[in-house]
Amino acid sequence: LGCDVRIYYSPDGKPLLVGACGYISVSHTQGIAVLAYSPRQPIGVDVEFITRKVGVARSFVMNDGECDALPVEAQHTYTLLRWTAYEAVYKLAGGSGYKERLTMPLFVPARGGVFGVALGYGDGVAQQFSLSYIIDDGLLLSLCTACGDALPLVRL
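Keep in mind it's a predicted model, so treat the numbers as computed, not measured. The residue count restarts for each chain, going from 1 along the sequence in the order it is written. Totals for whole chains, interfaces and linings use every residue, but because this is a predicted model, local features are given only for residues with pLDDT of at least 70 and side-chain atom pairs only at 80 or more, for both listing and counting. Just so you know, side-chain values use all the structure's heavy atoms and leave hydrogens and water out.

### As for unusual backbone geometry
The phi dihedral of Gln 30 falls on the positive side, at around 35°, and the residue is not glycine. Positioned with a positive phi, Asp 137 is a non-glycine residue whose angle comes to about 55°. The helix count covers DSSP runs of H or I at least four residues long, the strand count covers runs of E at least two residues long, and both are numbered beginning at the N terminus. Here Asp 137 is to be found in the loop between β8 (126-136) and β9 (139-146). Residue Asp 137 is classed as exposed on the basis of its relative accessible area of 60%. Note on exposure labels: buried denotes an accessible area under 20% of the residue type's maximum, exposed denotes more than 50%, and partly exposed covers the range between, all computed with a 1.4 Å probe on protein chains only.

The following block contains the structure:
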């Protein structure tokens, strides 16, 4: 960033940049760490190995049978994508109880893409987000931004 920057955490646990403008989000899994930076908008990021077992994650972020319409070979990846979407939205928006409030389209995940996610608040009100994801080198990386402000993900 060209200057002395420090990372601090807000009382609710969100990482904050001190010494530079912009927004960050942090994720880690089994020896891999990701720090996402945006100079203009809040973001949320999550990373997982594509081989992660999803049994606990499935019950935490999905209702029973939610992805049964997908081909069996796509269900694991979709469940993991839903988990990373859940985590990325949480890191951006805060709050809890997303299982019943987070909606995303049902689709067979490709190696990457962008799709819309909504977080319902009751009374018909929902906050809209864009979720970009990439599956590469055994990892699934998801990045959440405000709706319409999707950031491209590329392997460096």
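### With respect to the environment of Ala 118
Summarising the element assignment, Ala 118 is placed in strand β7 (residues 112-120). With relative accessibility at 12%, the residue Ala 118 sits in the buried group. Through-space distance from the C-alpha of Ala 118 to that of Thr 103 is 5.2 Å; in sequence the pair is 15 residues apart. Once residues lying within four places of it in the same chain are set aside, the contact partners of Ala 118 are Arg 101, Leu 102, Thr 103, Ala 126, Gln 127 and Gln 128. Should any heavy atoms of two residues lie within 4.5 Å, those residues are counted as being in contact.

### Digging into the nonpolar core
With 28 residues, the main nonpolar core has Leu 81, Met 104, Phe 115, Val 117, Leu 131 and Tyr 133 as its most contacted residues. Of all the elements in the fold, those that place two or more residues in this core are α1 (55-61), α2 (72-93), β7, β8 and β9. The leading source of residues in this core is α2, at nine residues. Here Leu 131 is in contact with Leu 81, Ala 85, Ala 88, Gly 113, Val 114, Phe 115, Val 117, Ser 142, Leu 143 and Cys 144, once residues within four sequence places are set aside. Here the nonpolar core consists of buried residues drawn from Ala, Val, Leu, Ile, Met, Phe, Trp, Tyr and Cys, with membership extended through side-chain atoms lying within 4.5 Å. Counting residues in each nonpolar core, the second largest holds seven residues, with Val 34, Ala 36, Val 47 and Leu 139 among its members.

### Re the pattern of salt bridges
A pair can form between side chains of opposite charge whenever their charged atoms are brought close. Here, a salt bridge means any side-chain nitrogen of Lys or Arg that lies within 4 Å of a carboxyl oxygen of Asp or Glu. Inspection of every chain in the model, using the stated rule, returns five salt bridges. Put simply, Lys 91 and Asp 46 hold a salt bridge, and the shortest N to O gap is 3.6 Å. Separated by 45 residues along the polypeptide, Lys 91 in helix α2 and Asp 46 in strand β5 (residues 44-49) bring together distant segments of the chain. Using a relative accessible area of 22% as the deciding quantity, one classes Lys 91 as partly exposed. Note on Asp 46: relative accessible area 3%, which makes it buried.

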